Amino acid sequence: MSWLSIDPAPILRREPDPGAPVLQIFAGKPHALAFLAGGALVVGGSRELSLHDPAAPTPPRATLDLGGSVEWMTAHPDGVSVVAAVRSSRGSAVVRVWPAAGRIVRLFSEPSFGFVFTGNLSPDGTQLVWRRNGTPPTLCTVDLETGAQIRELELPPDTNAASTLAARPDGAVYIAGNRTGYLVHLDGRSEEYSIFDTFSAPFFATGGGVLCIDGKRFGPVDGKLEQFPGLRESARGGSIGHDRRHLTFHDPMKHVYVWDTLARSVIFSAAQGGCYGTGAWWRGQSAAAGATHVAAIQHLSATVDIWRIDQPAEPIARLTGYSQGARRLWVHGGSLTTHTLQPVNTHLGVMEIDLQRGAAQMLTRSHVHDMLRTRDGQRLVVLHENDSGGSAATHYDAAGEALEQFPVQKAAGTLALTPGEGTWAVASHTWVDSGDPTFHAQWRAFGAAKWAKTVKGRSYFHAIDLCDSAAAVMIGHELTVVALGKNKPLLTASIADTVRALALSRDGTHVGLACDDQPRLVHVASGVITELKHDIAGTRQWPKCVCFDERGVWLFLGFPSGAITQHRIATGALVATHHAHTDEVRALAWHDGSLWSSGEDGTILRWGELG
């Protein structure tokens, strides 16, 4: 193995501000694309909206801060503006943006749009129609000049699962449910259309016909919708051009198609490389077409490919500087090593970034589950799948050459390292057709001939962390803390709800638990369990990652909204909520007096003074 050089990682440094990031790596993720009438490309990202010349896209002609992450965007028929749904850790909003003029109009706000914003413009561009989640869900129509609500109609309950909808010229709306589709009329009547299902969600309507995001096309025959020839292969998403003539369909791991609504045929087709099995994907409209160019997000690298519409063989340009984000962060010397948010079944997943120059490289090891790096940068352990089947933990030197390999259970999990860096651990399990898998937590000193201890159990949910004196292992609802020296239990406790992640304080006195219902702090010596209160609004706001500071004063939790809460270990009290990420926080780490974080928004942040 060795390291492969890649595009540099842009690094933005900020003036010190207590409670705020002082360093940002990467510009975030590209989420949505659209072309304006003049040919300019608009990129709606997780941190900002940018305007580009497609023939020479860097640097951008303009960048605008929308106050959050663009999770949905569509070109307006006026050809000079876009409408975008914006998500942040503080709430959601819909805005209308004139990128060339730098004008932003906030139309309305919502606490949350649910998992994904579901909406579309009326064909004349005067109204936005969108689905508000609820019991029951409702179909809302908003004036695009003023943001005023025009009407709100009750929808069938199963449309809470819809991801797209299509507005007809007469105002009626097609929307899909779990088992059937509906045509919702202006008077609130809903007709069932069983020809639709959740895999053919409608997103573009003509007078009587409708096209779906997977490329299926339907039209009226004797008063009923019948399927007509559409795309040759299925897609997973689509976007509508400002002139409503070009529809762009995208399967993020296979191809890009442009459909001409007048010719009723594909006028552009380009292949995109991908992976097998589960592919990378995120919210937004990942491809778009204009009169002269086509653009699509390459989800494996978080870049944007740009083609001339008459030259589909090869992209003419590529937007870089974006990132998928990271699920693990290890700082060593002047470098940062990350485990990227690539799918496990795909390309290279271990990245090293020089924190001064931004120079970046990838370890030539694919199918990575987890990794750890020592502070001197000389030891790297990677948990990965083998090409021949099964899984292993491989110990590499700084040059990326394998030193030794340790077989583990076939379905790998996570790694852990003591702060003193003398002992490391691996969690792995076996998949079964029925029942819970067998889980193994094992640890050993570097250079040791065998595992010092193996803890076994059966559960789909498990986690492990180490300090210099102990190991904390979570198997299902059972938490066990074991002394490393004598391998004797220090604590066993039952946790009421599912634990997604855990952290063991550096001195071994506390365990922090990221639980589905309520985060918890466990005092090892007494077994006292404290539920941690937070101020994160909305449902599904359980944390996904947790870490302690090195002094044993603070506990940090990262949430799906992008918020990070800070708790005082002595009492469990919430002392601050930090709002710099715009999407799910996936990694937290403490190094040399600073908190580091990474999220689904594609950025890696180093925070300033946090108290």
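Shown above is the structure to which this text applies.
Figured I'd write up the structure that's included with this text. What you see is a predicted model, and the numbers here were worked out from it, not measured in a lab.

Procedures and definitions
- Residues numbered from 1 in each chain as written.
- Predicted model: local features only at pLDDT ≥ 70, side-chain atom pairs only at ≥ 80, totals over all residues.
- Heavy atoms only, no water.
- Helix = DSSP H or I, 4+ residues; strand = E, 2+ residues; numbered from the N terminus.
- Rg over C-alpha atoms; globule rule 2.2 N^0.38 Å.
- Buried < 20%, exposed > 50% of the residue type's maximum accessible area, 1.4 Å probe, protein only.
- Areas by Shrake-Rupley, 256 points an atom, 1.4 Å probe, with all protein chains shown as cover.
- Phe/Tyr/Trp six-rings, centres within 6.5 Å; stacked < 30°, edge-to-face > 60°.
- Lys NZ or Arg CZ within 6 Å of the ring centre and 35° of its normal.
- Pairing = 2+ DSSP bridges.
- Axes fitted to C-alpha atoms, helices over the stretch in contact; angles between N-to-C directions.
- Core = buried A, V, L, I, M, F, W, Y, C linked by side-chain atoms within 4.5 Å.
- Contact = heavy atoms within 4.5 Å.
- Patch = residues over 30% accessible without salt bridge, like charges linked within 9 Å, V, L, I, M, F, W, Y side chains within 5 Å.
- Salt bridge = Lys/Arg side-chain N within 4 Å of Asp/Glu carboxyl O.
- 1 Å grid on protein atoms, 1.4 Å probe; cavity = no way out; pocket = protein on both sides within 12 Å on 5 of 7 lines; lining within 4 Å.
- Points joined across faces, edges and corners; volume = space filled by probe spheres on them.
- Disulfide = S-S within 2.5 Å.

## A closer look at the overall build of the protein
- Helix and strand counts for the protein come out as zero helices and 58 strands.
- Computed over its C-alpha atoms, the radius of gyration of the protein comes to 25 Å, within 12% of the 25 Å expected for a compact globule of 611 residues.
- If one aligns the C-alpha atoms of the protein with their principal axes, the spans along those axes are about 80 × 50 × 50 Å.
- Taken over 611 residues, the protein has a buried fraction of 59%.
- Total accessible area on the protein stands at roughly 24000 Å², and carbon and sulfur atoms take up 49% of it.

## Here we look at the packing of aromatic side chains
- Counted by the stated rule, this structure contains 16 aromatic pairs.
- Measuring from centroid to centroid gives 5.8 Å for tyrosine 174 and phenylalanine 196, while their planes differ by 75°, and the two rings are edge-to-face. Linking tyrosine 174 in strand E17 (residues 173-176) with phenylalanine 196 in the loop between strand E19 (190-193) and strand E20 (202-205), this pair joins segments that are 22 residues apart in sequence. When sorted by exposure, tyrosine 174 lands in the same class as phenylalanine 196, which is buried.
- What links up through ring pairs into an aromatic cluster is the set Trp72, Phe108, Phe113, Phe117 and Trp130.
- Of note, arginine 283 hangs over the ring of phenylalanine 115, and the distance from its end group to the ring centre comes to 4.9 Å.

## Concerning the environment of lysine 486
- Along the chain, lysine 486 turns up in the loop between strand E46 (478-483) and strand E47 (489-494).
- Along the chain, lysine 486 and tyrosine 257 lie 229 residues apart, while their C-alpha atoms are 62 Å from each other.

## Comments concerning the sheet that holds strand E15 (residues 149-154)
- With antiparallel pairing, the four strands of this open sheet are ordered in space as E12-E13-E14-E15. Two strands lie at the open edges of the sheet, namely strand E12 (119-121) and E15, each paired on one side alone. This sheet shows a mean twist of 15° between the axes of neighbouring strands, independent of strand direction.
- Sheet topology places strand E13 (residues 127-132) next to strand E14 (residues 138-143); six bridges connect them, and they run antiparallel. Counterpart to tryptophan 130 in the pairing with E14 is cysteine 140.

## Here's the deal with the nonpolar core
- Ranked by size, the top nonpolar core spans 22 residues in total, and within it Leu372, Val382 and Trp424 carry the most contacts.
- Of all elements in the fold, only strand E36 (368-373), strand E37 (380-385), strand E38 (391-396), strand E39 (402-408), strand E40 (411-417) and strand E41 (423-429) reach the threshold of two or more residues within this core.
- Ranked by residues supplied to this core, first place goes to E37 with four residues.
- Ignoring anything within four residues of it in the chain, the contact list for leucine 372 reads Trp330, Arg379, Leu380, Val381, Leu415, Ala416, Leu417, Trp424 and Phe446.

## Notes on the sheet that holds strand E23 (residues 224-228)
- Pairing in this open sheet of four strands is antiparallel, and the strands run E20-E21-E22-E23 from one edge to the other. The open sheet has two edge strands with one neighbour each: E20 and E23. Across the sheet, the mean angle separating the axes of adjacent strands is 35° when strand polarity is ignored.
- Here two bridges tie strand E21 (residues 210-212) to strand E22 (residues 217-221), and the two strands are oriented antiparallel to one another.

## Quick look at a nonpolar patch on the surface
- A cluster of nonpolar residues, Trp431, Tyr460 and Phe461, forms a patch on the protein surface that exposes about 350 Å² of accessible area.
- With respect to the helices, strands and loops of the structure, phenylalanine 461 is situated in the loop between strand E43 (453-458) and strand E44 (462-466).

## Re unusual backbone geometry
- Backbone torsion omega between threonine 58 and proline 59 reads -5°, so that peptide bond is classified as cis.
- Position of proline 59 among the secondary structure elements: in the loop between strand E6 (49-52) and strand E7 (62-64).
- Residue proline 136 is reached from threonine 135 by a cis peptide bond, and omega for that bond is 5°.
- Locating proline 136 in the fold gives a position in the loop between E13 and E14.
- If you check the backbone angles, arginine 244 has positive phi at about 60° while not being a glycine.
- Relative to the elements of secondary structure, arginine 244 occurs in the loop between strand E24 (237-240) and strand E25 (246-251).
- Phi angles above zero are rare outside glycine, and histidine 367 is one such case at about 55°.
- Among the residues examined, histidine 367 registers a relative accessible area of 13% and is labelled buried.

## Observations concerning the pattern of salt bridges
- The final tally for this structure, using the stated rule, is 26 salt bridges.
- In this structure, glutamate 152 and arginine 132 form a salt bridge, with 2.9 Å as the shortest nitrogen-oxygen distance. Of the two residues, glutamate 152 is situated in strand E15 and arginine 132 in strand E13; the sequence distance between them amounts to 20 residues.
- You can call glutamate 152 partly exposed: its relative accessible area is 38%.
- Linking glutamate 584 and arginine 586 is a salt bridge whose minimum nitrogen-to-oxygen distance equals 3.8 Å.
- On the accessibility criterion, glutamate 584 (15% relative accessible area) is buried.

## Some points on empty space enclosed by the protein
- Under the criterion given, the structure shown has three cavities of 30 Å³ or more.
- By volume, the largest cavity is sized at about 60 Å³.
- Forming the boundary of the largest cavity are Leu33, Ala34, Phe35, Met73, Thr74, Ala75, Ser239, Ile240, Gly241, His242, Ala288 and Ala289.
- The set of elements that each furnish at least two residues to the lining of the largest cavity consists of strand E4 (30-35), strand E8 (69-75), E24 and strand E28 (287-289).

## Overview of the environment of isoleucine 11
- Inspection of the secondary structure puts isoleucine 11 in strand E2 (residues 11-13).
- Contacts of isoleucine 11, omitting those with residues within four sequence positions, involve Leu23, Gln24, Ile25, Asp354, Leu355 and Gly358.

## Focus: the state of the cysteines
- Inspection of the entire model under this criterion finds zero disulfides.
- With no disulfide partner, cysteine 515 has as its closest neighbouring cysteine sulfur the one in cysteine 545, 13 Å distant.
- Free cysteine cysteine 547: the closest other cysteine sulfur is in cysteine 545, separated by 7.9 Å.

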